[in-house]
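Examining the three-dimensional arrangement
What follows is the residue order along each chain.
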Amino acid sequence: TDPNSSLENLVLDYIYEKGWKLPDATQELIAQANCKPDFIYKEAKLAIFCDGSVHDHLDKQKQDQIQRDDLRNIVNYSVLVLRYDQDWRLKLDKIFPNL
């Protein structure tokens, strides 16, 4: 994980504590989308992003949108965004039992 991201560590700890499958990769470049999701589940084709406050800036939001659209449209990945200011645990609880 990114050592500067406390949210990534919280998310990873939550996944582990729930006994769910851990990500196949972290911070791995998906070249076709020119993007490094925080967590990747390769078989499920799921990219997870843990967005801290830096993602509140408009220029970063535009860059995020382009990369995430490319993941969806070019690489056919599902994208899950977990924001620091939202109930990210609820999002994980909804998706992981079906993963």
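Our subject is the structure listed above.
Residues numbered from 1 in each chain as written. Predicted model: local features only at pLDDT ≥ 70, side-chain atom pairs only at ≥ 80, totals over all residues. Heavy atoms only, no water.

We now examine the pattern of salt bridges. Under the counting rule described, the total for this entry stands at 9 salt bridges. Notably, a salt bridge pairs K42 with E28, separated by 3.1 Å at the nearest N-O pair. Taken as a pair, K42 in the loop between β2 (39-41) and β3 (46-51) and E28 in the loop between β1 (25-26) and β2 lie far apart in primary sequence, 14 residues in all. By relative accessible area, which is 32% here, E28 ends up partly exposed. Salt bridges here are not isolated pairs; linked through shared partners, they connect D51, K60, D64 and R68. (Salt bridge = Lys/Arg side-chain N within 4 Å of Asp/Glu carboxyl O. Helix = DSSP H or I, 4+ residues; strand = E, 2+ residues; numbered from the N terminus. Buried < 20%, exposed > 50% of the residue type's maximum accessible area, 1.4 Å probe, protein only.)

Moving on to the sheet that holds β3. Strand pairing in a sheet takes place through backbone hydrogen bonds and is either antiparallel or parallel in direction. Reading across from one edge, β1-β2-β3-β4 is the order of the 4 strands in this open sheet, with mixed pairing throughout. Looking at strand neighbours, the two that pair on one side only are β1 and β4 (78-83), the edges of this open sheet. The pairing of β2 with β3 spans 3 bridges and is classified as antiparallel. Across the sheet, the residue bridging to Y41 is L46, located in β3. Against the sheet, helix α2 (residues 58-73) contacts β3 and β4, and its axis sits at roughly 165° relative to β3. Packing of helix α3 (residues 88-95) onto the sheet brings it into contact with β3 and β4, and relative to β4 it is tilted by some 150°. (Pairing = 2+ DSSP bridges. Contact = heavy atoms within 4.5 Å. Axes fitted to C-alpha atoms, helices over the stretch in contact; angles between N-to-C directions.)

The next thing to look at is helix α1 (residues 6-18). Over its 13 residues, α1 extends 18 Å from the first C-alpha to the last, a length consistent with the 18 Å expected when each residue adds 1.5 Å. Buried within α1 are the following residues: L7, E8, V11, Y14 and I15. Along the axis of α1, the buried positions cluster into a sector of 130°, meaning they face one direction only. Exposed residues lying more than 90 degrees from the buried face of α1 are S6, Y16 and E17. Where α1 is buried, its residues touch β2, β3, β4 and α3. Positive phi appears at G19, one or two residues downstream of α1, with a value of about 80°. (Expected span 1.5 Å × (residues − 1). Arc of directions from axis to C-beta.)

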